[in-house]
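Listed below, chain by chain, are the residues.
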Amino acid sequence: MPATLSLDQARRIALAAQGLDKGRPAGPVTSRTVGRTFARIQLVQIDSVNVVARSHFLPFFSRLGNYDRTILQRMSAVHPRRMVEYWAHEASYIRPEHYADLLLWQKRSWVGASRMDPGLRADISGRILDTLARSRPLTAAELTTRIGHVEETQTANWGWNWNAVKRVLEHLFEEGLVSAASRTEQFERRYTLASKVLPQLPIQGTGADAAAEAMHRLIDAAAQAHGIGTVRCFADYFRTPVKAAAAAVGHLVERGRLEPVTVAGWDRAVFRHVDAKMPRRATGRALLSPFDSLVFERRRLEELFGFHYRIEIYTPEHKRRFGYYVLPFLLRENIVARVDLKADRKEGKLLVRSSFAEPGAPPDTAAELAAELWLMAGWLGLPDVEVFPAGDLAASLAHAVVIGADSALREQAGTSAVSLP
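Here the structure is a predicted model, which means the values were calculated and not measured. (Residues numbered from 1 in each chain as written. Predicted model: local features only at pLDDT ≥ 70, side-chain atom pairs only at ≥ 80, totals over all residues. Heavy atoms only, no water.)

(A) Structural view of the overall build of the protein. Counting secondary structure elements, the protein contains 16 helices and 14 strands. For the protein, buried positions account for 55% of its 421 residues. Counting only carbon and sulfur atoms, one obtains 52% of the accessible surface of the protein, whose full area is about 18,800 Å². (Helix = DSSP H or I, 4+ residues; strand = E, 2+ residues; numbered from the N terminus. Buried < 20%, exposed > 50% of the residue type's maximum accessible area, 1.4 Å probe, protein only. Areas by Shrake-Rupley, 256 points an atom, 1.4 Å probe, with all protein chains shown as cover.)

(B) Highlighting the pairing of strand β6 (residues 189-193). A large share of β6 lies buried, amounting to 4 of its 5 residues. The pairing of strand β5 (residues 178-183) with β6 spans 5 bridges and is antiparallel. Note that in β6 the partner of arginine 183 across the bridge is arginine 189. The hairpin formed by β5 and β6 contains 5 residues between the paired strands, and phenylalanine 187 there has a positive phi angle of roughly 70°. (Pairing = 2+ DSSP bridges.)

(C) Highlighting helix α11 (residues 231-238). Summarising burial for α11: 7 of the 8 residues are buried, a large majority. Val231, Cys233, Phe234, Ala235, Asp236, Tyr237 and Phe238 are the residues of α11 that are buried. After α11 finishes, the residue arginine 239 shows a positive phi value of roughly 55°.

(D) Representation of the confidence of the model for the protein in the model. Summing up the model confidence of the protein, the mean pLDDT is 90 and the portion of residues at 70 or higher is 89%. Across residues 413-421, confidence stays below pLDDT 50; counting only partners more than four residues off in sequence or on other chains, it has 33 contacts. (pLDDT = per-residue confidence, 0-100. Contact = heavy atoms within 4.5 Å.)

(E) A look at the sheet that holds strand β14 (residues 384-387). If you trace the 5 strands from one edge of the open sheet to the other, you get β10-β11-β12-β13-β14, paired in mixed fashion. Pairing within the sheet leaves two strands with one partner each, and these edge strands are β10 (285-287) and β14. Between one strand axis and the next, the sheet turns by 30° as a mean value, whatever way the strands run. Bridge analysis of strand β11 (residues 326-331) against strand β12 (residues 334-344) gives 6 bridges, and the strand direction is antiparallel. Across the sheet, the residue bridging to leucine 327 is valine 339, located in β12. Relative to the sheet, helix α14 (residues 365-380) contacts β10, β11, β12, β13 (349-357) and β14, its axis offset from that of β10 by approximately 60°. Strands β13 and β14 of the sheet are contacted by helix α15 (residues 394-404), whose axis makes an angle of about 160° with β14. (Axes fitted to C-alpha atoms, helices over the stretch in contact; angles between N-to-C directions.)

(F) Layout of the sheet that holds strand β9 (residues 270-273). Read across the open sheet, the 4 strands follow the order β1-β8-β9-β7; overall the sheet is mixed. In this open sheet, the two edge strands, each paired with only one partner strand, are β1 (3-5) and β7 (228-229). Pairing geometry for β1 and strand β8 (residues 258-263), over 3 bridges, is parallel. Residue pairing for β8: alanine 3 is matched across the bridge by valine 261. Taken strand by strand, helix α1 (residues 7-17) contacts β1, β7, β8 and β9, and its axis lies near 90° from that of β1.

(G) Fine view of the side chain of threonine 144. Within the secondary structure, threonine 144 is located in helix α7 (residues 140-147). By relative accessible area, which is 8% here, threonine 144 ends up buried. A distance of 3.3 Å separates the side chain of threonine 144 from the side chain of asparagine 163, its partner in a polar contact. (Polar contact = N/O pair within 3.5 Å; in protein donor to acceptor, adjacent residues only side chain to side chain.)

(H) Molecular detail of the nonpolar core. Counting residues in each nonpolar core, the largest one holds 117 residues, and the members touching the most others are Leu373 and Met376. For this core, the leading source of residues is α14, giving 10 residues. Non-local contacts of methionine 376, meaning those with residues more than four positions away in its chain, are made with Val52, Leu58, Phe61, Leu287, Leu327, Leu341 and Leu350. Residues Ile124, Ile128, Leu172 and Val178 belong to the second largest nonpolar core, which totals 16 residues. (Core = buried A, V, L, I, M, F, W, Y, C linked by side-chain atoms within 4.5 Å.)

(I) Spotlight on the pattern of salt bridges. Under the definition given, this model contains 26 salt bridges. Glutamate 358 serves as the salt-bridge partner of arginine 338, at 2.9 Å between the closest nitrogen and oxygen. Note that arginine 338 is positioned in strand β12 and glutamate 358 in the loop between β13 and α14, a separation of 20 residues in sequence. (Salt bridge = Lys/Arg side-chain N within 4 Å of Asp/Glu carboxyl O.)

(J) Spatial organisation of the environment of histidine 308. Looking at the element boundaries, histidine 308 is found in the loop between α13 (298-305) and β11. Residue histidine 308 is classed as partly exposed on the basis of its relative accessible area of 36%. Setting aside its immediate chain neighbours within four residues, histidine 308 contacts Glu302 and Arg338.

(K) Spotlight on the packing of helix α10 (residues 208-226) against helix α12 (residues 242-255). For the pair α10 and α12, the least separation of the axes is 9 Å and the interaxial angle reads 80°. Relative to α12, the element α10 lies roughly perpendicular. Touching Met215, His216, Ile219 and Asp220 of α10 are Ala244, Ala245, Ala248, Val249, His251 and Leu252, all from α12. Split by residue class, the contact of α10 with α12 holds 7 nonpolar, 2 polar and 1 charged. (Parallel < 35°, antiparallel > 145°, perpendicular 65-115°, else oblique. Nonpolar A, V, L, I, M, F, W, Y, C, P; charged D, E, K, R; others polar.)

(L) Summary view of the packing of aromatic side chains. One pass over the structure, following the stated rule, counts 10 aromatic pairs. Their ring planes at 55° and their centres at 6.2 Å tell us that phenylalanine 60 and tyrosine 67 sit as a pair that is tilted. Of the residues examined, tyrosine 67 reaches a relative accessible area of 4% and is grouped as buried. Grouping aromatic residues by their ring pairs yields a cluster made of Phe38, Phe60, Phe61, Tyr67 and Trp379. Here the guanidinium or amino end of arginine 24 rests over the ring plane of phenylalanine 61, the centre of that ring lying 5.2 Å away. The side chain of arginine 69 reaches across the aromatic face of tryptophan 379, ending 4.7 Å from its centre. (Phe/Tyr/Trp six-rings, centres within 6.5 Å; stacked < 30°, edge-to-face > 60°. Lys NZ or Arg CZ within 6 Å of the ring centre and 35° of its normal.)

Here's what the structure looks like:
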């Protein structure tokens, strides 16, 4: 019979797998510390929204606290790379060992190159590859200038009004012929040949057996990152097909890498990874990015934590319930609040535009959240925290932020003052 776990036990397994079950490192955060965290969570999602910080920076702050963001730039842009860009859970930084496996499973024809004239696409592809073979890494705009082909802007494909060079570039990126060597300050990709980014990439098989083995590795990695979950949870981590993921789960159960378990209140088949740890208690505290891997799969999040969460960035302002860029607040074993944050870099303030407590939030929620906000402000180089009077937690949080500005918390965060509206 499958082992039976309580919901509390399942939550602690999930938090431990993600490195969110205990306090942050006491000493300085080194590149080795960041590397170990990345190896644990396997990937970080990339997003252009920069309301607080670029989304791939936030998961490391959630787990490590104040750290040097240039560590990630070195990991992704300097040989030997420890993180590379590719499609996974949307656009992501992934571990290099997953790159060849994902090439077999990620197909995104929506970039538009598949609908181009085949002769034109082949011509532009050849010129792009030839140019990148002989040049430093280039942005799409720089490549367009070098190649000299400019296409009239397309308007039918909302949000992706790319010229022909950009569309072919993305096709070559998907095919694994072109990769991102780094990003500009404006967050544009600098493209180069994939062989220059990953010169030791193994020869990839193309048959059904090779694809199945790649899926086994991806689902094993996803299960390690989740600790516990369903087929849908594991498939969603790298955005792989559910049917193929289910076959991989069956294979991993046979191999003893996954164990079927029963979780009270979870009405689907659930599996625990053989390497998953279950701490006796969770003592962590973290503000989580809307793109954090703990909150990737919304149904899992609601079943495990009783937390209903939707990103409202694309929701009209008058229809938003909680705000534009809302971060869940994890305290010990539960998600106890959510805050809409914005880094006002010009004024030097971390703005808390709204704050809401979850039902049953513990009495120390405001105090713990205030401490976390000061820590984040210090990491972002913002001397002030400003709490707006929106949300049922706002009054108590504003008071806690004032208290938290004193002495040790202010020194730790490197901040100097607090502002109230």
